[in-house]
Each structure stands twice: as structure tokens, then as C-alpha cells.
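Listed below, chain by chain, are the residues.
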Amino acid sequence: MIITNYIKLEFPSYSANESFARAAAAGFAAQLDPTLEELGDIKTAVSEAVTNCIVHAYPDSIGKITMRLRIIDGEKLEITVRDWGRGIADLEKAMQPMYTTGGEERSGMGFTIMESFMDKLKVKTKAQKGTSVTMLRTIKQRRGRR
């Protein structure tokens, strides 16, 4: 595994920072020359991960979120979104479609969307210590690209 580039961002869990995280991830991923569809998938997955932090990790307060992006082996984008919030009480249940602890206005599809748009999804959580979501997406070189 060769890491050719990386960034790490830290921001408070204000809802306005979700769009910033999407834009930052898209800007970083652009160096892999993804298609518009790939870029859209990456932005959507990041949006879901960051929104989970905002809504579920810190429901009654503002907390810290970090996002680390790495380019691995020249074609893989690894994204880790981490919070230090309340953690996920039942991870197995939370990974099921339509399950939410966020109220009626939430669809419960966050992890399902992340899984469908990324090649791999790994979630680690600990009560009152936070949650880490790591996603991996391979961006294959197209013909005509370097």
C-alpha cells in the first residue's frame, strides 16, 4: 500500500459544514480524474457520513468532526469521517436500511447509501467515545487519462 497524497480536516458539527466537507472531498478526489458519476457518489457518501455525525453523534451539542482523505496505490480514495460523540448503541441494527434514531424526518438510509456508492465501508463505534466511518472507492484509470 502506497499513500501518494492525503489531507485531514477538522470542523465543528454545524450543519453548514456538511456542504464544505462534500466540496473538500470532491476537490481532493479530482486528482484521480473521476467521472461525474463517481464524483457524485463520493460527495453523496461523504454527505451521509458527515450528516450522521451532526444528527446522531451530537444531537444536543456541537462537537468535533474530522475527515481524512488518502490516495492509495494511485487509484483508491480512502475517506474516514470521525466524531467523538455518543457512539452507536446497536451497530448491527443501525446498518439496516430504514433504521434511524433521528426522528421521523430521517430516512434511516445513510449507511445503505454509503455502502452502495463506495467499494468498502467499515464502521467502528464505542459508547460515549464516538464513531469512525471509513469508506474506500477505486477510481480506475480511463483510456486517454495519463
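The text that follows walks through the structure, step by step, so that each part is easy to find. For every chain, the first residue of the written sequence is number 1, and numbering continues from 1 onward in sequence order. Local features in this predicted model are restricted to residues of pLDDT 70 or higher, and side-chain atom pairs are both shown and tallied only at a pLDDT of 80 or more, whereas totals for entire chains, interfaces and linings draw on every residue. Note: side-chain values were computed over all heavy atoms of the structure, leaving out hydrogens and water.

## Looking at the packing of helix α1 (residues 16-29) against helix α2 (residues 36-57)
Lines fitted to the C-alpha atoms define the axes, with helices restricted to the stretch that makes contact. Angles between their N-to-C directions range from 0 to 180 degrees. The way it works is that DSSP assigns letters per residue, a run of H or I at least four long becomes a helix, a run of E at least two long becomes a strand, and they are numbered from the N terminus. At a closest axis distance of 9 Å, the pairing of α1 and α2 adopts a crossing angle of 145 degrees. Note on packing geometry: the crossing formed by α1 with α2 is right-handed. Of the residues in α2, those touching α1 at Glu18, Ala21, Arg22, Ala25, Ala26 and Ala29 are Leu39, Ile42, Lys43, Thr44, Val46, Ser47, Val50, Thr51 and Ile54. The handedness criterion is simple: a crossing whose near helix is rotated anticlockwise from the far helix by less than a right angle is left-handed, and one whose near helix is rotated clockwise is right-handed. Between two residues, a contact is recorded if the distance between any of their heavy atoms is within 4.5 Å.

## Some remarks on the nonpolar core
General note: in soluble globular proteins, nonpolar side chains tend to be found buried as a group. To qualify as a nonpolar core, a set must consist of buried Ala, Val, Leu, Ile, Met, Phe, Trp, Tyr and Cys residues joined through side-chain atoms within 4.5 Å. Relative accessibility under 20% of the residue-type maximum defines a buried residue, over 50% an exposed one, and the middle range a partly exposed one, all with a 1.4 Å probe and only protein chains included. Counting 35 residues, the largest nonpolar core has Met67, Leu77, Ile79 and Met135 as the members making the most contacts within it. Those elements giving two or more residues to this core turn out to be β1 (3-12), α1, α2, β2 (64-72), β3 (76-83), α4 (110-117), β4 (120-126) and β5 (130-138). By residue number, the principal contributor to this core is α2, which donates nine residues.

## As for the pairing of β3
Taken across its eight residues, β3 has six buried, putting it largely inside the fold. A pair of strands is considered paired only if DSSP assigns at least 2 bridges between the two. The sheet contact formed by β2 and β3 spans eight bridges and is antiparallel. Bridge pairing links Arg68 to Thr80 in β3. Counting the residues that bridge the hairpin from β2 to β3 gives three residues, and of these Asp73 lies at a positive phi of roughly 55 degrees. As paired elements, β3 and β5 share eight bridges and run antiparallel to each other. Each residue of the ladder has a partner; that of Lys76, found in β5, is Thr138.

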